[in-house]
Amino acid sequence: MRNAIIDQAIQSTGDYKRFAKGYNGYLQYKNLIDIPEHISNEYYGALLEKCIDRAQVITQTNWKQIFKDIKPYKNIFLEDVSSLDNYRRGVFFSGPIFRLNVSQKGDKGDKIRSFICYKRGDRHFRLVHTDDDEKLKSKYVVVVTMDRFLSLVSGNTTAIKSQFRNVITKALGNSRKTFEEEIKAVANNTATQNQYLSYPTLEREIHTLFSRFETTSEYQFEQQMYEFMTNRKNISIKGSKGDIKLPDFSVYSQGVQFFQEEVDERDNLHRVRLSCREITTTPEKIIVNLANSSGASVVLCSATASGRSVVSNYDIKYLKQILGNKVHNLLIDEKHTFDKLVSQTYPSGHKVEIVPLEKFQYPKNDPNRYEIPEKYKKMFSKEAQEEGLIEKWFRITIRDLSRNLQPDQSAKDVSFQIYRLFQFIEAYHWFYTHDDIHSMLYFQNRTGDKDRNQINVICCMIDGSYKDYPELDIEIPSDWENKHIRISKDWEEVETSILKELGEDNEAKIMLVSAYGSFKAGANLQYSIPYGLDYIAGDNWDSSDEKLKKDWDAVYLQAPAGYMMINEDGNEQTYERSLYNAMLVLMMLYERGCLSKEDVASWMGNALSNKFYFGEKNNPGITRDKSAWVQTVVEQAIGRLCRTRNKPHTTYILYDRSMTPFFDKSVLDKSLTKEFKELVQYVLTHSYEREKSDNPDEVIRCNNANYVQGQLDRIREIALKYTPHPYNDNDSDDEEEEDISYNVMASQMMIQSYKKLIISKPVISSLDDLTEEEKRLTFRTKCYGDWIQNGSNEFIYGMDGKRICPINKGNVYPMSPSTVRLDVLMKNNVIREYFISNGYATEWKSEGLILHPNILAYDYAGEIGEEAFKALVLHYTDCTEKDLVHLKGKVYEVGDFVIKNADGTNKIAFDVKNWNPDIPHYDRPGDMPTAQKRAEKRKSLDCEIIFVNLLDMRMETMDGIREIGGLITEDGVVIQSAIERIRQLING
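Everything numeric here is computed off the predicted structure, so don't read it as measured data.

This next bit is on the overall build of the protein chain. For the protein chain, the count of helices and strands is 29 helices and 33 strands. The C-alpha extent of the protein chain, read off along each of the three principal axes, is 110 × 80 × 70 Å. Out of the 988 residues in the protein chain, the part that is buried amounts to 53%. In the protein chain, the proportion of contacts linking residues at least 24 apart, taken out of those at least 6 apart, comes to 71%. With the model as given, the accessible surface of the protein chain reaches about 48000 Å², and the carbon-plus-sulfur share is 47%. For the protein chain, the distance from the average position of its 130 positive side-chain charges to the average position of its 147 negative side-chain charges is 2 Å.

Structure (structure tokens):
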């Protein structure tokens, strides 16, 4: 499914269509709405012009926030053309939350950023790359980062589409109503002369709209509009007043977009266009939509359907989070029953022999000193050894491998190729010397076409058939052909030639060399049993006269190495497909915590420059996923031996022992074929330790913590759109409701539900403690981690700047209830009883999953402070819960609570803090000064706002009238004078 989606994405955004989005796309949509009075009102009346006017207001407001009075000029020129030879830059998006600047790794320390700049008097923009935007501000009147510029134009495009959607939706409803009325009129013989060619559909209504604009890009606009209206990017959450649609910010729902800066070298001024590669849907989204549709069930039926790797399977974890109880796994007992039933169909006496092949490594990487080890030398025919052919062949091979090294390769790569050849020698020797092996599959990471000559020469020197060919000279001959070897990835050739030969001749002895994944699930490699062949029969079920078939006798399994790579064969389509796959898979690994945001940026840069050597040594977080992927690849390959119940007496499985570290006991948690289970059990009992690296679980835990923090920061930024703050905001108002955009409303709801969760469940035994509704907003499950505890039962974590990191890579800090003042708050009985009655945690469990440190330090600490304040106010004043109102809408979080007058106006507001009284609190760098912030808050609320800290600060306040420096002491005792002030403020 993923491959089909990628092919469709390439087709829809290939060639010049890749410029249909981004800045060029925005200009095209802007042209549609520039002169609404030129558009016919025959069909829509005033509706279309009204929506266009609204779109103009939104887009112009957003544009002026950044570019002031500067017009949206058409051209962008590159300022510096000196780096055109290795030009690879862009911005990576996944919905409104994720945005990432991408450049080639090592490009001036990866600090160079892209800026869109404007110089007064110009009629164009400039694209500038620099690591110091302050210098640009002296030269240009406007300097905007590329990611913010693209957010602006994407948001404005969305705003226009949203208004068009309003037109289409209302017009479609009217059309269908009129159509139904006309049907009734026909039945009553009162029909008008209206001619309806077909039932009004969404596609027809979209076409009707864009027909009004008489644009040559009509089809392009229609496609984009249809995708915009039908592509789900939200999930339904149960609320007090019914289901609520909230955004799903995961990559599976949002898809991915990569905007690349492309320089037009044919343009004398080197214009820049922003191309867009985009994947709008995913297999996971399709499955969710199917499962949520009425009357539909989805069955994932495959030996590897429960695989844990997102590279080789669906993200099962995501499906479970979104679909909840709709996802059903086979129970352990059911799996055991299934395995027992299958095992009874195998023939009695059938054995599986596991043969590990070592990964040979030379002690020093010096090909000039390499010699063929005696072990492998003895596997060649005695005559070839005596004639000195083995040494001669080896010298030619070493010379050719060294000569064909790429510029970025070294002698180590020669050693790697030699080890692969040694394993082929050992595998073919095993095949040739075992008379009971008539058929053997040799699975490697690439097709054998490039090694065809080498393979034939090796086989001929092992079985002695080299004597039938001219003498080995100074080159590997191309005319030697071994009668036992077949090299193919073509299913038709295998079916019509190889399987036919095995099924007709009981003396046939064939080794098929192919690549993993060459034969898809429907390709059954079993072959008819020729007369006279020795085999053992199991339960064949089929009682018809059809000729029986049997499985292959042996298989070799090379250590899978194509986990994720950029394929480059000179074909642009191949590269594009690999790049699209990298875009999606990198984001899926980011979604799972395997990669950090910085990792994604780095690897996207490598993908653009085709330097994509992706492995777990540099990315320890992917270890678990890669292990699951390796197991899946191997299980699928062994599955080619498990198609019938007619077997050889012994099935031989030869495997590359270097894959051993990728196997663990978790693979035994599902149903397995007998052959694969035997391999797994053998590998686990003959395992060796993996090279030491960062703990993958700790890396994933830290990545998840930073992921969640990034999402929360962005959601909060959207929620505070109308609140005075220093953020650079350019989110479009895509839907309005009481002057509040849908995105803002949804973000505020998500923040509030998140706050309710964290104050109730700071520590959980497992994710099963969360309800299905709590899991459905996918970032919530990532809020928890199995953080390490020290001897004082404090949770410890590492910090590198503002980012959480493994404890061996940053400064280590403790986190406990005393860090957030929970222990002090719980000393007050009023607060404690209030917490208990509302289901809020009064202590932290010593074991389990705890909220991430940043959440505890800021959001959790703030929330328990607000609720503690509420508990004291409700207890010590006449105020009721109905009187103490949380702020929302355009004054969301301007303060924490407000008391209303009888006429509904604001009387007095409170901004509550749970600050550590022993630490001075200053304005954070880049934040709005406290005095200015407070003045803005009073202006927004149109009433006085009082700033309250829960614990006694024991120091002078900035404003003795509007600040209360503490409500309780460190012993939890109420400060009566502070409570009396609260009473006076509330009662007036």
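Strand order across the open sheet formed by five strands is β29-β30-β31-β32-β33, with mixed pairing between neighbours. With one partner strand each, in any of the chains shown, β29 (884–886) and β33 (963–964) form the two edges of the open sheet. Pairing between strand β32 (residues 944–949) and β33: two bridges, direction parallel. Among the inter-strand pairings, Phe947 is bridged to a residue of β33, identified as Glu963. Helix-sheet contacts for helix α29 (residues 976–987) involve β30 (897–900), β31 (906–913), β32 and β33, and the interaxial angle to β31 is about 150°.

Attention now moves to the packing of helix α26 (residues 829–837) against helix α27 (residues 853–876). Running from N to C, α26 and α27 cross one another at 110°; their axes reach a closest spacing of 9 Å. On the basis of their axis angle, the class for α26 and α27 is roughly perpendicular. Across from Val830, Ile831, Tyr834 and Phe835 in α26, the residues of α27 making contact are Ile864, Glu867, Ala868, Lys870, Ala871, Leu872, Leu874, His875 and Tyr876. For the contact of α26 with α27, the class distribution of residues is 10 nonpolar, one polar and two charged.

As a further point, take the packing of aromatic side chains. For the structure shown, the criterion picks out 52 aromatic pairs. Taken together, a centroid distance of 4.5 Å and an interplanar angle of 40° make the contact between Tyr252 and Tyr318 tilted. Here Tyr252, found in helix α8 (residues 251–254), pairs with Tyr318, found in helix α10 (residues 316–323); they are 66 residues apart in sequence, far enough to count as distant. Each member of the pair, Tyr252 as well as Tyr318, is classed as buried. Ring geometry for Trp491 against Phe519: centres 6.2 Å apart, planes inclined by 65°, an arrangement best described as edge-to-face. Here Trp491 is found in helix α17 (residues 491–504), whereas its partner Phe519 is found in the loop between β14 (510–515) and β15 (527–528), with 28 residues between them in sequence. In this structure an aromatic cluster arises from ring pairing among Tyr23, Tyr26, Trp63, Phe67, Tyr73, Tyr118, Phe125 and Phe149. Looking at Arg701, its charged tip hangs above the ring of Trp787, at a distance of 5.2 Å from the centre. Cation over ring: Lys890 sits above Tyr722, and NZ or CZ is 5.1 Å from the ring centre.

Ranked by internal contacts, the top residues of the largest apolar core, which has 167 residues, are Phe92 and Leu557. Per element, the largest residue contribution to this core is 12 residues, and it comes from helix α18 (residues 572–591). Apart from residues no more than four positions distant in its own chain, Phe92 is found in contact with Phe98, Arg99, Leu100, Val102, Val256, Gln257, Phe258, Met583, Met587, Val600 and Met604. With 52 residues, the next largest nonpolar core counts Phe67, Leu127, Phe149 and Ile160 among its residues.

What follows concerns the sheet that holds strand β24 (residues 784–785). With antiparallel pairing, three strands are arranged side by side in an open sheet as β23-β28-β24. The sheet terminates laterally at β23 (763–764) and β24, the two strands that pair on one side only.

Here strand β18 (residues 554–557) shows no split at all, with Ala554 and Tyr556 on one side and Val555 and Leu557 on the other all buried. Here four bridges tie strand β12 (residues 439–444) to β18, and the two strands are oriented parallel to one another. Bridging across to β18, Leu441 finds its partner in Val555.

A word on the side chain of Asp896. Secondary-structure assignment places Asp896 in the loop between β29 and β30. The charged side chain of Asp896 is buried without a salt bridge, its nearest counter-charge being Lys755 at 5.7 Å. Looking at Asp896, its side chain comes within polar contact range of the main-chain nitrogen of Val912, at 2.6 Å. Among residues more than four places away in sequence, those in contact with Asp896 are Glu866, Val885, His886, Leu887, Phe910, Asp911 and Val912.

Okay, the environment of Pro817 next. Mapped onto the fold, Pro817 is located in the loop between β27 (811–815) and α25 (822–825). When its relative accessible area of 27% is taken as the criterion, Pro817 is described as partly exposed. Sequence-wise, Pro817 and Ile864 are 47 residues apart; in three dimensions their C-alpha atoms are separated by 11 Å. Excluding its chain neighbours within four sequence positions, the residues that come into contact with Pro817 are Leu822, Asp823 and Trp844.

The next thing to look at is a negative patch on the surface. On the surface, a cluster of negative charge is made up of Glu386, Glu387, Glu471 and Asp473. Among the secondary structure elements, Glu471 is positioned in the loop between α16 (452–463) and β13 (485–487).

Right, let's talk about the environment of Tyr535 for a bit. Note that Tyr535 resides in the loop between β15 and β16 (536–537). Here Tyr535 is in contact with Ile529, Leu548, Lys550, Asn646, Lys647 and His649, once residues within four sequence places are set aside.

Packing of helix α15 (residues 411–433) against α16 brings their axes to within 10 Å, and their N-to-C directions diverge by 45°. With respect to α16, the element α15 is oriented oblique. The chirality of how α15 crosses α16 is right-handed. Contacts between α15 and α16 involve Leu421, Phe424, Ile425, Tyr428, His429 and Tyr432 from the former and Gln454, Ile455, Ile458, Cys459, Ile462 and Asp463 from the latter. Of the residues that constitute the contact of α15 with α16, the class distribution is nine nonpolar, two polar and one charged.

This part is about the pattern of salt bridges. Summed over the entire model, instances satisfying the criterion amount to 45 salt bridges. With a shortest N-O distance of 3.2 Å, Arg399 and Glu475 are connected by a salt bridge. Taken as a pair, Arg399 in helix α14 (residues 389–403) and Glu475 in the loop between α16 and β13 lie far apart in primary sequence, 76 residues in all. Here Arg399 falls in the partly exposed class, since its relative accessible area comes to 28%. Residue Glu475 is classed as partly exposed on the basis of its relative accessible area of 39%. Between Asp400 and Arg403 there is a salt bridge, with the nearest N and O atoms lying 4.0 Å from each other. Of this pair, Asp400 and Arg403 are both found in helix α14, three residues apart, which corresponds to roughly one turn of the helix. Accessibility expressed as a relative area gives 17% for Asp400, which makes it buried. Arg403 gets classed as exposed once you look at its relative accessible area, which sits at 53%.

Thresholds applied
- Residues numbered from 1 in each chain as written.
- Predicted model: local features only at pLDDT ≥ 70, side-chain atom pairs only at ≥ 80, totals over all residues.
- Heavy atoms only, no water.
- Helix = DSSP H or I, 4+ residues; strand = E, 2+ residues; numbered from the N terminus.
- Buried < 20%, exposed > 50% of the residue type's maximum accessible area, 1.4 Å probe, protein only.
- Contact = heavy atoms within 4.5 Å.
- Areas by Shrake-Rupley, 256 points an atom, 1.4 Å probe, with all protein chains shown as cover.
- Lys, Arg positive; Asp, Glu negative; His and termini not counted.
- Charge placed at Lys NZ, Arg CZ, Asp CG, Glu CD.
- Pairing = 2+ DSSP bridges.
- Axes fitted to C-alpha atoms, helices over the stretch in contact; angles between N-to-C directions.
- Parallel < 35°, antiparallel > 145°, perpendicular 65-115°, else oblique.
- Nonpolar A, V, L, I, M, F, W, Y, C, P; charged D, E, K, R; others polar.
- Phe/Tyr/Trp six-rings, centres within 6.5 Å; stacked < 30°, edge-to-face > 60°.
- Lys NZ or Arg CZ within 6 Å of the ring centre and 35° of its normal.
- Core = buried A, V, L, I, M, F, W, Y, C linked by side-chain atoms within 4.5 Å.
- Salt bridge = Lys/Arg side-chain N within 4 Å of Asp/Glu carboxyl O.
- Polar contact = N/O pair within 3.5 Å; in protein donor to acceptor, adjacent residues only side chain to side chain.
- Patch = residues over 30% accessible without salt bridge, like charges linked within 9 Å, V, L, I, M, F, W, Y side chains within 5 Å.
- Left-handed = near helix turned anticlockwise from the far one by under 90°.

Spatial relationships are all this shows, so hold off on functional conclusions.
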